[in-house]
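# A closer look at the structure
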Amino acid sequence: MPDAGRGLTRFHCLQTEMLLQGFYKPQLISGGKKFYQFLREQCPVVSETYYPTFWCWESRIQTLLRPFVTAKPGVVYRNELIKAADGGQISVDWFDNDESLSHPDPATRPTVLLLPGLTGTSRESYILHMVQQSRDLGYRCVVFNNRGVSGETLLTPRTYCAANTEDLEIVIEHVQRSYAAAPIMAAGVSMGGMMLANYLGRKGRETCLKGVVVFSAGWDVFECTASLEKPLDRFLFNSYLTSCLQASVHRHRPVLEKCYDIDHVMKARTIREFDERFTSIMFGYRTNDDYYHDASPVHKLKSVQVPMLCLNAADDVFSPSHAIPVEAVKQNPNLALLITCHGGHIGFLEGLWPRQSTYMDRVFKQFAKAVFEKGNQLKDLS
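What comes next concerns the included structure. The structure displayed is predicted, hence computed values, not measured ones.

## Considerations on the side chain of aspartate 167
- Within the secondary structure, aspartate 167 sits in helix α5 (residues 166-178).
- Taking relative accessible area as the criterion, aspartate 167 reaches 8% and is therefore assigned buried.
- At 2.7 Å, the side chain of aspartate 167 forms a polar contact with the side chain of arginine 147.
- With residues up to four places along the chain from it excluded, the contact list for aspartate 167 reads Ile90, Phe144, Arg147, Arg158 and Thr159.

## A short note on the sheet that holds strand β9 (residues 335-340)
- Spatially, β1-β9-β8-β7-β6-β4-β5-β3-β2 is the arrangement adopted by the nine strands of the open sheet, whose pairing is mixed. Each edge of the open sheet carries a strand with a single partner, namely β1 (27-30) and β2 (78-83). Between one strand axis and the next, the sheet turns through 20° on average, direction left out of account.
- Relative to strand β6 (residues 184-189), strand β4 (residues 111-115) is paired through five bridges, and the arrangement is parallel. Each residue of the ladder has a partner; that of valine 112, found in β6, is methionine 185.
- Contacts from helix α2 (residues 33-42) reach β1, β8 (308-313) and β9 within the one sheet, and its direction differs from that of β1 by about 145°.

## Looking at helix α4 (residues 125-137)
- With 13 residues, α4 should cover 18 Å at 1.5 Å per step; its first-to-last C-alpha distance of 19 Å lies within 8% of that length.
- Across the 13 residues of α4, 10 count as buried, placing the element largely inside the fold.
- By the burial criterion, the buried members of α4 are Ser125, Tyr126, Ile127, Leu128, His129, Met130, Val131, Gln133, Ser134 and Leu137.
- Positive backbone phi, at 90°, marks glycine 138, one or two positions downstream of α4.

Calculation rules
- Residues numbered from 1 in each chain as written.
- Predicted model: local features only at pLDDT ≥ 70, side-chain atom pairs only at ≥ 80, totals over all residues.
- Heavy atoms only, no water.
- Helix = DSSP H or I, 4+ residues; strand = E, 2+ residues; numbered from the N terminus.
- Buried < 20%, exposed > 50% of the residue type's maximum accessible area, 1.4 Å probe, protein only.
- Polar contact = N/O pair within 3.5 Å; in protein donor to acceptor, adjacent residues only side chain to side chain.
- Contact = heavy atoms within 4.5 Å.
- Pairing = 2+ DSSP bridges.
- Axes fitted to C-alpha atoms, helices over the stretch in contact; angles between N-to-C directions.
- Expected span 1.5 Å × (residues − 1).

So yeah, pure geometry; function would need other evidence.
Written out as structure tokens, the structure is:
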């Protein structure tokens, strides 16, 4: 059967199974009984029915409205610029939570590393909500901002991509050195989740992270870009994200135009064209297809050796359901997938007026608490 046919078959099977479970019942899939049972016991949200907000249940509406509907909690960060080996700088934003009652000693206070999406920063509503949840639990947060997106000067002609994890490794090592006695876990959203998954796939057991949770990741970049190039989704999302990427390039044009044809980059009309003209060239790929293959976390999941929970919505146009790596997850006891029928891309709105919390926020809070407080149960999942 051709790949497309297999993909459609997996898609229809997944949809049918979710409908048989009650339509709104999330599907939890894990490669091992131990991790599956841990999640059922320590994170009851994975077994709860998810009812999307009735007046914006459709995936595109969920995706578009979340930034405007959800509140932005007030968070005061401490910014730090970390020097990279190539002469560049990486901006990280710390929320120290020095008022923590449950973990008053900063030396041992658990740390949550947060990775925003493609053009996101520490000021995104979904990041601020996770900081708020962490604050309630008494934890410290540090947000990894990709180069050039959070207002800092780009010192070298290099930005970022989902496939390259060198900057992430620098940040993780820096956080560990800063608080050597504090346990660390990480949460990544969209491209941030893809980067985290790629990092874990490359590092295996050689990481200090105690656990990882990933939200709305794109598992196969070829399928993601194809989905976003459909007429309506190209109009609603693709063109906008492309313009955001181009705006970032324009801000740093003086340093970037020394190495790249910026006029050609600014004429791109889709994310694929942008990557062909800029991203794949910057990171030394022979072709854009080579870059997309390397950026797709699905190819590295078998090597993940850290407990990783992944939340995806079956109606996410950024990460189509037929490309969700159900079979790959079933082969690795360190992995678990939580799939909702609705939720869109980084949406997961619930309740009559979803201002303060989402289903995604509840998954994050319960999983973070479980990793830090019951993490001994996650040893040797194989």
